[in-house]
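# Notes for the structure review
Here is how the chains run, residue by residue.
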Amino acid sequence: NVLSAFSAELFKTTPSRASLREVTVVLPHNWETDSLTCSLNSYITISAVDTPAHIRISSNHHVFGDRPWAQQSQGCGKSGDYIQIGGNLLQGTTNESYHQVAQQLLGEWAKFRWGVFDDCGYENDPLFPATFRDPSSNELRLNSCPENDKPFYLPNDHVPEAPTKHNAQCGGIAAWDIIFQSQDFHGDRNLSSNKTDAIIPTLHFVQAGSPRIVLVVEDTAGMNIQRRWEFVRKAIRRTVVYDMPDGVYIGIVVFNSVARTTTAQSALVKIDSDSEFRQRIGSSLARTPSQIPESQKCLLCGFQEALRALDREASDATGATVIFVTTGTSSTPQRELDEITHLATVRKIRIEAIVYPVMEHIDTTDVNKGLESLVSATRGSFFTVMDEGVGNDSKLSMMVALMDSFLGAIRHSTSSSLKVPMLVHNKEYPGGIASMAKGSFTIDDSFGSDLRFSIYYADPGHVGNTEDLIMPSRKKVTSASIQEDGDVNMIYINVPNAERGEWVYQIENRADSHQSLIIQVTSFESTAHQISLKVWTNTRSMVIGGKKPSIPIIIYAEVMDGEVSVLNARVVAKLRCLGTNATGSNYKPVYIDLYDTGVGDPDITEGDGIYSRYIPQMTGHSGQYELSVNADNNNGLSNKPISNVVTRHSNFSEGNEKRICCGSIIPYEHVTPLKNFQRFETYGVLSIVSKTLKDTMPPSRILDLQVSVNPLTSMVTLQWTAPGNDYDWGKAHHYDAYLSESWPQAKALGGKIISGMPIPVTAGTEQSVEILVNIYDQNVYVAIRAIDESGNKGGVSNVAAIWMPQPPSTTPSISSGITQPVRVAGLDIEELVLVIGAATGFLLIITILATSV
């Protein structure tokens, strides 16, 4: 009923140009659908891949309550992340209640779908206040939302001078102008028809089922170099035996010029807790690869064989995940990629790609481009393993990187309800340097009760007799707990009911100088302390700086505790260039602190749990960069909001719909500290193309410019957050600021230039300056932008209005009668004037004119 009413509202508000045609309802995986008390008009489809939700039905939000709200991590004209609605809001039983919810949903849908923002102000918001001075009448007016059931002002009624979130983000362009320039309507798409009634949407019901995963592995002569094929076998074995959760259906396909399925009955098999069963599947690859040249590989053949294996599998489910493992030295014909994309789209299949290995001396940008577009089109992820070796021996780090790529792909391919290991600690100890590999890691309440401590080696003789693992209670784990899997090159210890706190280890390292030992610790997410970390960027493309080098890339990380935002976390992204530099050493990683500050560019709203930042300019160095993000509780400073009934019900007052939330910040009134936590997530690999050494990145846009007026001195303080030299990195060179008589003039950076602007400081630091404004009793406007040392100009800031009242008038001055110069404290005073005003009390002004000191 709500969706039908919403479709009608959408149809009416967009002059008969849009309504809902189809809606997919995703039911929780743990619902027993046989016992549903309501009857469904359509069959429930079981889906083996997660269906992304545009609208989430959840518990009450701590500020928004039950009302719909759209989370928006990106700027004007960009789609939002999702809409959340409290489940209680859908309990209405009258047409009137359905209509009210539909109207609320309409405004949030416009934000989510078309990237517009609220057209009104908020109580106590420093950037978007509840009142402003009307530019036409010079009178104070409410910065209120539109009336007449409209989510946004019509273009003729829109006031660009109003200090609203929409005007700041969209440069004063009316919301409906943004909406009708979107892909839904641009170029006369979806024009009004003669029909008078909105479409009543058709509902389809989907429920998550057991994941179906097919590993499609290249089997060519290229895999016969060094230990590549051996590493593939070991990585698949670890994935199936140790990492794959129970309940997953899995198949393994190998391909060269043709393809075949390696698992039993050429169909998918269901993984269970039987370790022998897992080992048989994990060891199903042949011991040696084929001799067929890599140039003859047929990626399409492998995908078609995966489809046949899926069709032979007995479970009734749609969708699946195909994980390609293929070399990166030759490209796939475009016709094959197009056909795979078509088949994957029709069958609702997600594709994950692991390029193994990538030859550093070969420019893989064009080679990988086709796979990256395939991955992007199916909402998958892209991983790369660099070719590393000495002579005929591949490095251990190459094998572990392949294992971790499989683990990342599995985590992306399974729902949060399944137990997939999380990486807690990862450390490489080079051989030939120190005889002992010593380190520590912490297990906190955000992890489950079990952990696995693993030592990976290139040769069994590389691990000495000392294998000590010390608990936080200082007890040593007994040697009887140590196990070894030579088929994975792994010594491991399973620790049930692991103690909370810091663990210490020391391992005797006998590795050769060109090899190493790698220590990893994995655990599972706690069921009680459900901290989640999600990572994405503002583009689906994995290639950065190619055809559109001017488009900046922003990293986003959402940190949540269940359904609520985690505040004040420490979130750090790491960009690691794969391969080695000219000296044969690994490249130093670039660490990027992400922030949830609400400065507007790039972070839209403070307190939404989304931490973001621009990727810095990788000047002159193209390559494959692995992106990962780590989040923790910031030395005890992180917290989360807790329930506050008063706040929830005051978000919108019933009388005049006056909003108190949410502009530049979500105002949580009550928070509680979080216990220690740490989360690590690998996003995948970005191909960064740097064609020039020239600086092309401008400073980021200032979107938190504020003014405060001192009417006694006619001084105005401008305050803002400093941008950087390259977006939000470094320091800009100087500021341009203008005082303008009109909003359009300020937006065009016209009017009187403001002198005496301060030198820019490090990005993210607050700056301010005082200016004299002697234009009284009328609106004047100020705008600012930053310019870097290469002359790249940042975008024009939000335009701030200044209203300076006329100073109070005074009575004629009364001379004190002093006519001779008087020397006072080293000054020769020619004139001393006392003026007494009678406005409010007494105003004493002493005028001193000095001639010498």
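Naming follows an unreviewed UniProt entry, where the protein appears as Calcium-activated chloride channel N-terminal domain-containing protein of Meganyctiphanes norvegica.

## Focus: the packing of helix α7 (residues 299–312) against helix α8 (residues 334–346)
Close contact between α7 and α8 brings their axes to 9 Å; oriented N to C, the two are set at 20°. The angle between α7 and α8 falls in the class roughly parallel. Helix-helix and strand crossings are classified by hand; for α7 and α8 the assignment is left-handed. Within the contact between the two elements, α7 uses Leu299, Leu300, Phe303 and Leu307 and α8 uses Glu336, Leu337, Glu339, Ile340, Leu343 and Ala344.

## Describing the environment of Gly600
If you trace the backbone, Gly600 turns up in the loop between β31 (590–594) and β32 (610–614). Judged by its relative accessible area of 9%, Gly600 is buried. A C-alpha to C-alpha distance of 9.8 Å links Gly600 and Ser73, two positions 527 residues apart in sequence. Ignoring any residue separated from it by four or fewer positions in sequence, one finds Gly600 in contact with Gln169 and Leu703.

## Focus: the pattern of salt bridges
The full count for this structure, using the stated rule, is 28 salt bridges. Salt-bridge contacts for Glu681 lead to Arg411; the nearest nitrogen and oxygen are separated by 3.8 Å. Of this pair, Glu681 sits in strand β36 (residues 678–688) while Arg411 is found in helix α10 (residues 396–413), placing the two residues 270 residues apart along the sequence. Judged by its relative accessible area of 12%, Glu681 is buried.

## Considerations on the pairing of strand β22 (residues 482–485)
Across 4 bridges, β22 lies against strand β23 (residues 490–495) in antiparallel orientation. Of the residues in β23, the one forming a bridge with Gln483 is Tyr492. As consecutive antiparallel partners, β22 and β23 are separated by 4 residues, and within that stretch Asn489 has a phi angle of approximately 60°, a positive value.

## Some remarks on the sheet that holds strand β1 (residues 22–27)
Strand order in the open sheet formed by 3 strands is β1-β8-β2, and the pairing between neighbours is parallel. This sheet does not close on itself; its edge strands, each paired only once, are β1 and β2 (44–47). Looking at each pair of strands side by side, their axes are set apart by 35° on average, direction ignored. Two elements, β2 and strand β8 (residues 202–208), share 4 bridges in a ladder whose sense is parallel. Pairing of Thr45 across the sheet is with Val206, part of β8.

## Focus on the environment of Arg56
With respect to the element layout, Arg56 can be found in strand β3 (residues 55–58). A relative accessible area of 32% places Arg56 in the partly exposed class. Residues Arg56 and Pro68, spaced 12 residues apart in sequence, show a C-alpha to C-alpha distance of 9.4 Å. Apart from residues no more than four positions distant in its own chain, Arg56 is found in contact with Tyr82, Ile83, Gln84 and Ile85.

## Let's talk about unusual backbone geometry
Cis geometry marks the peptide bond from Tyr356 to Pro357; its omega dihedral reads -15°. Relative to the helices and strands, Pro357 is located in strand β14 (residues 349–358). In this chain, Asp601 is followed by Pro602 through a cis amide linkage whose omega measures 10°. Of note, Pro602 is situated in the loop between β31 and β32. Despite not being glycine, Asn190 shows a phi value in the positive range, around 55°.

## Some thoughts on the side chain of Thr13
Position of Thr13 among the secondary structure elements: in helix α1 (residues 2–13). Only 2.7 Å separates the side chain of Thr13 from the backbone oxygen of Glu9, close enough to count as a polar contact.

## A short note on the packing of aromatic side chains
Per the stated rule, a full pass over the model turns up 19 aromatic pairs. When the ring of Trp109 is compared with that of Phe112, the centres are 5.5 Å apart and the planes differ by 50°; the resulting orientation is tilted. Pair noted here: Trp109 and Phe112 are both in helix α2 (residues 95–114), with a separation of 3 residues, about one helical turn. Taken individually, Trp109 and Phe112 each receive the classification buried, so the pair is uniform in this respect.

## Considerations on the pairing of strand β30 (residues 570–577)
Here β30 runs beside strand β33 (residues 623–632); their pairing, made up of 8 bridges, is antiparallel. Bridge assignment links Ala573 to a residue of β33, and that residue is Val629. Sheet analysis places β30 next to β31, joined by 5 bridges and oriented antiparallel. If you follow Leu575 over to β31, its bridge partner there is Val590.

## Remarks on helix α5 (residues 228–243)
Taking 1.5 Å as the rise per residue, α5 with 16 residues should run 22 Å; its terminal C-alpha atoms sit 21 Å apart, in good agreement. Taking burial as the measure, the 16 residues of α5 include 14 buried ones, the bulk of the element.

## Comments concerning the sheet that holds strand β20 (residues 447–456)
Here 5 strands make up an open sheet; going across it, the order is β18-β25-β20-β23-β22 and the pairing antiparallel. Two strands bound the open sheet, and with one partner strand each, they are β18 (422–430) and β22. Neighbouring strand axes in the sheet, compared pairwise and without regard to direction, differ in orientation by 20° on average. Note: β18 against strand β25 (residues 516–525), 8 bridges, orientation antiparallel. Bridge pairing in β25 places Glu428 opposite Ile518. Against the sheet, α5 touches β20, β22, β23 and β25, its axis set at about 155° to β20. Along the sheet face, α10 touches β18, β20 and β25 and points at about 15° away from the line of β25.

## Re the packing of α1 against α2
Direction vectors running N to C along α1 and α2 enclose 60°, while the axes themselves pass 8 Å from each other. Regarding α1 and α2, the two cross each other, and that crossing is right-handed. Together, Val2, Ala5, Phe6, Glu9, Leu10 and Thr13 of α1 and Tyr98, His99, Val101, Ala102, Gln103, Leu105, Leu106, Trp109 and Trp114 of α2 make up the contact between the two elements. Split by residue class, the contact of α1 with α2 holds 11 nonpolar, 3 polar and 1 charged.

Calculation notes
- Residues numbered from 1 in each chain as written.
- Predicted model: local features only at pLDDT ≥ 70, side-chain atom pairs only at ≥ 80, totals over all residues.
- Heavy atoms only, no water.
- Axes fitted to C-alpha atoms, helices over the stretch in contact; angles between N-to-C directions.
- Helix = DSSP H or I, 4+ residues; strand = E, 2+ residues; numbered from the N terminus.
- Parallel < 35°, antiparallel > 145°, perpendicular 65-115°, else oblique.
- Left-handed = near helix turned anticlockwise from the far one by under 90°.
- Contact = heavy atoms within 4.5 Å.
- Buried < 20%, exposed > 50% of the residue type's maximum accessible area, 1.4 Å probe, protein only.
- Salt bridge = Lys/Arg side-chain N within 4 Å of Asp/Glu carboxyl O.
- Pairing = 2+ DSSP bridges.
- Polar contact = N/O pair within 3.5 Å; in protein donor to acceptor, adjacent residues only side chain to side chain.
- Phe/Tyr/Trp six-rings, centres within 6.5 Å; stacked < 30°, edge-to-face > 60°.
- Expected span 1.5 Å × (residues − 1).
- Nonpolar A, V, L, I, M, F, W, Y, C, P; charged D, E, K, R; others polar.

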